[in-house]
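Commentary on secondary and tertiary structure
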Amino acid sequence: SLWVLATILGYAAIAESHPPVMRAVLLGGILVVGRATGRQTSGIQSLALSALTLLIYHPSDLFDVGAQLSFVAVAAIILATPWITERTRDSFTDRMLAGERSPWLRGLSWVGRWLLAGYLLTLIVWLVTVPITMRSFHLVAPGGLLVNALITPFSTLVLIAGYLFLGVGLLVPALAKWAAIPFSWSLRAFLQIVEWSAQLPGGYGETPSPALGWMIG
């Protein structure tokens, strides 16, 4: 727990204090401290406490688009994950027959379940955040549904390379140029994938802002 908390605080030290960053730091810190003290933790209650703390510290974040997207998306992930896990895990028959299947069939089955779970979660997050993007940017981007689940592992590598670069730059500035190379390459590739998805037919389109009643709904 101490290592996790130290990692979270290190992340807070090298990242800019934007609302999504503070949300991640507060939520992670609350969950770690709760488990370390033997208390039962609830993801959605911890997220609500993070939001309350952030709003007390900086009330104007209520109107920050990044904060709105971050909290709504994470709430959707927390609430939807148990439902998705229940529907994408191995059935009893699959577990009984696992030993009789070849390794590549077991691997293929795992990849299929992982992709299904990823696309279900991506769809749910997209559905609950699209009203905010329509209102704030007058855009809707269904192309993201195609690539988001596929590039999730790659985006994780980009983040790791980025934080490695920031950490090395702070601790050993002389080595920062070498740490920047994998981050630069992975970030360029990631941006190329994003640009490619935007060029797909129907990848994005302009849309009017939804009415207040639809936003509340």
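Let me sum up the structure you'll find in this document. (Residues numbered from 1 in each chain as written. Predicted model: local features only at pLDDT ≥ 70, side-chain atom pairs only at ≥ 80, totals over all residues. Heavy atoms only, no water.)

1. Topic: the overall build of the protein
- Within the protein, the regular secondary structure consists of nine helices and two strands.
- Seen through its principal axes, the protein has C-alpha atoms that stretch 55 × 50 × 45 Å.
- In the protein, which comprises 217 residues, the proportion classed as buried is 24%.
- Of all intrachain contacts in the protein linking residues separated by at least 6 positions in sequence, the fraction that spans at least 24 positions is 70%.
- Of the roughly 14,400 Å² of accessible surface on the protein, 71% is carried by carbon and sulfur atoms. (Helix = DSSP H or I, 4+ residues; strand = E, 2+ residues; numbered from the N terminus. Buried < 20%, exposed > 50% of the residue type's maximum accessible area, 1.4 Å probe, protein only. Contact = heavy atoms within 4.5 Å. Areas by Shrake-Rupley, 256 points an atom, 1.4 Å probe, with all protein chains shown as cover.)

2. A look at the nonpolar core
- Judged by nonpolar contacts, L27, L47, L54, F71, V74 and A75 together constitute the single largest core of six residues.
- Going through the elements one at a time, α3 (43-57) and α4 (65-88) are the ones with two or more residues in this core.
- With three residues, the single largest contributor to this core is α4.
- Every residue in contact with A75, bar those within four places of it in the chain, is listed here: I44 and L47. (Core = buried A, V, L, I, M, F, W, Y, C linked by side-chain atoms within 4.5 Å.)

3. Concerning the environment of M215
- Relative to the elements of secondary structure, M215 occurs in helix α9 (residues 212-216).
- Residue M215 is classed as partly exposed on the basis of its relative accessible area, which comes to 22%.
- As a C-alpha pair, M215 and P103 span 112 residues in sequence and 48 Å in three-dimensional space.
- When sequence neighbours within four positions are dropped, the list of residues in contact with M215 reads P131, I132, R135 and P210.

4. A word on the side chain of D61
- Tracing the backbone through its elements, the reader meets D61 in the loop between α3 and α4.
- For the buried D61, which has no salt bridge, the nearest side chain bearing the opposite charge is R23, at an N-O separation of 11 Å.
- One polar contact links D61 to H58, side chain to side chain, over a distance of 2.9 Å.
- With residues up to four places along the chain from it excluded, the contact list for D61 reads P19, L54, L55 and A67. (Lys, Arg positive; Asp, Glu negative; His and termini not counted. Salt bridge = Lys/Arg side-chain N within 4 Å of Asp/Glu carboxyl O. Polar contact = N/O pair within 3.5 Å; in protein donor to acceptor, adjacent residues only side chain to side chain.)

5. Looking at helix α8 (residues 176-198)
- If you check α8, its first and last C-alpha atoms are 32 Å apart, about what 23 residues at 1.5 Å a residue would give, namely 33 Å.
- When α8 is considered as a whole, its buried residues turn out to be A176, A179, S186, F190 and S197.
- Packing partners of the buried residues in α8 comprise α7 (143-171). (Expected span 1.5 Å × (residues − 1).)

6. Some points on a nonpolar patch on the surface
- On the surface, L170, L171, V172, L175, W178, I181 and W185 cluster together to form a nonpolar patch covering roughly 820 Å² of accessible area.
- For the nonpolar patch, the elements supplying multiple residues, two or more each, are α7 and α8.
- Here V172 shows up in the loop between α7 and α8. (Patch = residues over 30% accessible without salt bridge, like charges linked within 9 Å, V, L, I, M, F, W, Y side chains within 5 Å.)

These values are about where atoms sit, not about what they do.
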